[in-house]
Amino acid sequence: MRRIAGLPFALALSLCCLSPPHAARAQLAIGITVNAAPPPLPVYVQPPIPAPGYIWTPGYWAWSDDTGYYWVPGTWVLPPAPELLWTPGYWGWSDGAYAFHAGYWGATVGFYGGISYGFGYTGVGYEGGYWRGGSFFYNSSVNNISNVSVTNVYNKTVVNNTTNVSYNGGTGGTTVKPTPQQLAVQGAHHVAATGEQARHAEAAMKNPALTLANNHGHPAVAATAHAARFSGAGVVAARPGKPIAAPPPRHAQPTAAHALPTGHARPTGNAPPPGHALPTASASPAGHALPTGNALPPAHALPPGHALPTAHALPGAGAHPAPAPHVAPPASRPQLVQHAPPQPRAAAHPPAPRVAQAVVHRPAPSHVSRPAPRPHPAARPRPAPHQHS
C-alpha cells in the first residue's frame, strides 16, 4: 500500500495543551507559515497494528526554523476516548504562504485539505474503520491487522488517489474545498492530539535523519508501529525515489541574547585589547587615564623589583579628581618617557648611574686642592746659590 504523510500539527496542539510551553514544542504549534511548498508525501507500507483498539494516524511533513522540513512518521495510537476519529492536519495555501492546520480528534472526520494520506484517508472522510457500541471495527483492506487477533473486522475496497501532493491550494496543490458539513465539524468541539502523539512529533523533530535535507524526501523511518520508537521491529522505510531538494531553514532574527561575535565585541568596561593593556602597576585610575601618547606599552613596563618608588607612583583612584595628573611630580613621567624609547630596560637603571656619578664627583675637592702645590714656586729662594757664586 502507498504511505504518505500530511502534517497533523495537532501533535503540536496536544503538546501545548497538555503541558507547559517548551522551546522545542513551540515549533510544533499552529500558526507556522512557510514560503516553500511542502515536499511530496513519501510512499511506504503500513506497519502491523500493535494491539486491538489502536487507530492509524498518517505521517506528515512538519517545519522547524532550525532544520526546515522534517518527516513525522505515521504511527498507531490509542484515541483519547472511545468513539473518536482522527482528522489529519494539512498544509494549505493562505495569504501568499503555506500554513499548517493542526489535526484533531472528533466524533466525525473533518476537512484535511483533500490530501490522500492512504490507509483509509482518501482525502475525504475515513474509510479505515468505524465505531459501534464502543468497539472499533477495522477495514482489513486498508489496515495491517494480520499479526493480532481482531474480531471486529470487515473488508471494503477503497480506491486511493495515486497522487502524493502534500498541500492544498497554491501552485500544484489539491483543489478540494471544504463542504458546509466539514466546516461545521471543524468548528465543533474536538480534542487535540494526545501526549503520545506530541512526544512522537517532538522526537521526530530532534532526529537529524528525518530532516528533508538528510533524507531527500525518502526517510528511512517512514512509519512505525509504536509512537516515538524509531528503531527495532515495526519500523518501515520509505520506498526509494527521486531526491527532493530541501529549502533552506528560516532562522529566527537575532535577539538581545545573541551577542556580537567575540572578535568584534568590545571588552568589558571599554578596556583595551589584551595585548595593549597598561601594566597593573602603572595603570591610571578610571577618569584619570594618561593620554594615549603617554601610555606605556607592555614592552616598556618596569621589570619586577624595579618599580618606581612610592613617591613617584601615579595617584590612586579618587585621590585628586582633576588635578591629579598635575599634582604628581612631573619628573616621574618625563623620566619614564625619556628613557623608555631608547632601550626597554634602560629605564629601570638610569637612577643608579646618576647616584654613582654624584659619588664620583664628590671627590672634586681633591681636584680643587691641587693648587696646593703652587707654594713650591714660592720656594724659589733656591737661586740663592747664584748669590754664593
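Cut-off values and rules
- Residues numbered from 1 in each chain as written.
- Predicted model: local features only at pLDDT ≥ 70, side-chain atom pairs only at ≥ 80, totals over all residues.
- Heavy atoms only, no water.
- Helix = DSSP H or I, 4+ residues; strand = E, 2+ residues; numbered from the N terminus.
- Buried < 20%, exposed > 50% of the residue type's maximum accessible area, 1.4 Å probe, protein only.
- Contact = heavy atoms within 4.5 Å.
- Areas by Shrake-Rupley, 256 points an atom, 1.4 Å probe, with all protein chains shown as cover.
- Core = buried A, V, L, I, M, F, W, Y, C linked by side-chain atoms within 4.5 Å.
- Pairing = 2+ DSSP bridges.
- Phe/Tyr/Trp six-rings, centres within 6.5 Å; stacked < 30°, edge-to-face > 60°.
- Salt bridge = Lys/Arg side-chain N within 4 Å of Asp/Glu carboxyl O.
- Polar contact = N/O pair within 3.5 Å; in protein donor to acceptor, adjacent residues only side chain to side chain.

1. Thoughts on the overall build of the chain
From N to C terminus, the chain includes 11 helices and 16 strands. Residue burial in the chain is summarised as follows: out of 389 residues, 37% are buried. Within the chain, counting contacts between residues at least 6 apart in sequence, those at least 24 apart form 68% of the total. For the chain, the accessible surface area stands at approximately 21,500 Å², while carbon and sulfur atoms represent 61% of it.

2. Side note on the nonpolar core
General note: in soluble globular proteins, nonpolar side chains tend to be found buried as a group. Membership of the largest hydrophobic core comes to 44 residues, with the highest contact counts inside it found for Tyr-44, Trp-91 and Tyr-121. Going through the elements one at a time, strand S3 (55-57), strand S4 (59-64), strand S5 (68-72), strand S6 (74-77), strand S7 (85-87), strand S8 (90-94), strand S9 (97-101) and strand S12 (135-139) are the ones with two or more residues in this core.

3. Considering the pairing of S5
Burial within S5 is extensive, with five of its five residues counted as buried. With five bridges joining them, S4 and S5 adopt antiparallel strand pairing. Directly across from Trp-63, in S5, lies its bridge partner Tyr-69.

4. Let's talk about the packing of aromatic side chains
Counted by the stated rule, this structure contains 20 aromatic pairs. Consider the rings of Tyr-98 and Tyr-167, whose centres lie 5.1 Å apart with planes at 75°: the pair is edge-to-face. Linking Tyr-98 in strand S9 with Tyr-167 in strand S14 (residues 167-168), this pair joins segments that are 69 residues apart in sequence. Judged on exposure class, the residue Tyr-98 and its partner Tyr-167 are both buried.

5. Thoughts on the pattern of salt bridges
Across all of its chains, the model carries two salt bridges by this definition. Between Glu-127 and Lys-156 there is a salt bridge; the shortest N-O distance is 3.2 Å. Separated by 29 residues along the polypeptide, Glu-127 in the loop between strand S10 (104-106) and strand S11 (129-132) and Lys-156 in the loop between strand S13 (153-154) and S14 bring together distant segments of the chain. Look at Glu-127 and you get partly exposed, because its relative accessible area is 27%. Residue class for Lys-156 comes out partly exposed when judged on its relative accessible area of 42%. The partner of Lys-206 in a salt bridge is Glu-202, with the nearest N and O atoms 3.7 Å apart.

6. Side note on the environment of His-190
Position of His-190 relative to the elements: it lies in the loop between helix H3 (180-187) and helix H4 (195-205). Taking the C-alpha atoms as reference, His-190 lies 9.8 Å from Gly-103; in sequence the two are 87 residues apart. With residues up to four places along the chain from it excluded, the contact list for His-190 reads Tyr-104, Trp-105 and Val-185. In terms of polar contacts, His-190 uses its side chain to reach the backbone carbonyl oxygen of Ala-188, at 3.0 Å.

7. A closer look at the environment of Trp-91
Mapped onto the elements of the fold, Trp-91 is located in strand S8. You can call Trp-91 buried: its relative accessible area is 0%. Sequence spacing of Trp-91 and Val-34 is 57 residues, and the spatial spacing of their C-alpha atoms is 9.6 Å. A polar contact is formed between the side chain of Trp-91 and the backbone oxygen of Trp-61, at a distance of 2.9 Å.

8. Quick look at the environment of Leu-212
Relative to the helices and strands, Leu-212 resides in helix H5 (residues 212-215). Accessibility expressed as a relative area gives 1% for Leu-212, which makes it buried. Taking the C-alpha atoms as reference points, Leu-212 and Trp-71, separated by 141 residues in sequence, lie 7.1 Å from one another. Not counting chain neighbours up to four residues away, the residues in contact with Leu-212 comprise Pro-39, Trp-61, Tyr-69, Tyr-70, Gly-217, Ile-244, Ala-245, Ala-246 and Pro-247.

9. With respect to H4
With eight of its 11 residues buried, H4 lies for the most part within the structure. Within H4 the residues assigned to the buried category are Gly-195, Gln-197, Ala-198, His-200, Ala-201, Glu-202, Ala-204 and Met-205.

10. A few points about the sheet that holds S14
Remark on secondary structure: sheet strands pair via backbone hydrogen bonds, oriented parallel or antiparallel. One open sheet accounts for four strands, arranged S2-S9-S8-S14; its pairing is mixed. The sheet terminates laterally at strand S2 (33-34) and S14, the two strands that pair on one side only. One ladder, built from five bridges, connects S8 with S9; its direction is antiparallel. Residue pairing for S9: Gly-92 is matched across the bridge by Ala-99.

11. Things to note about the sheet that holds S13
Pairing is mixed in the open sheet, where three strands are placed in the order S11-S12-S13. The open sheet has two edge strands with one neighbour each: S11 and S13. Note: S11 against S12, four bridges, orientation antiparallel. From the neighbouring strand, Arg-132 faces S12, where its bridge partner is Ser-135.

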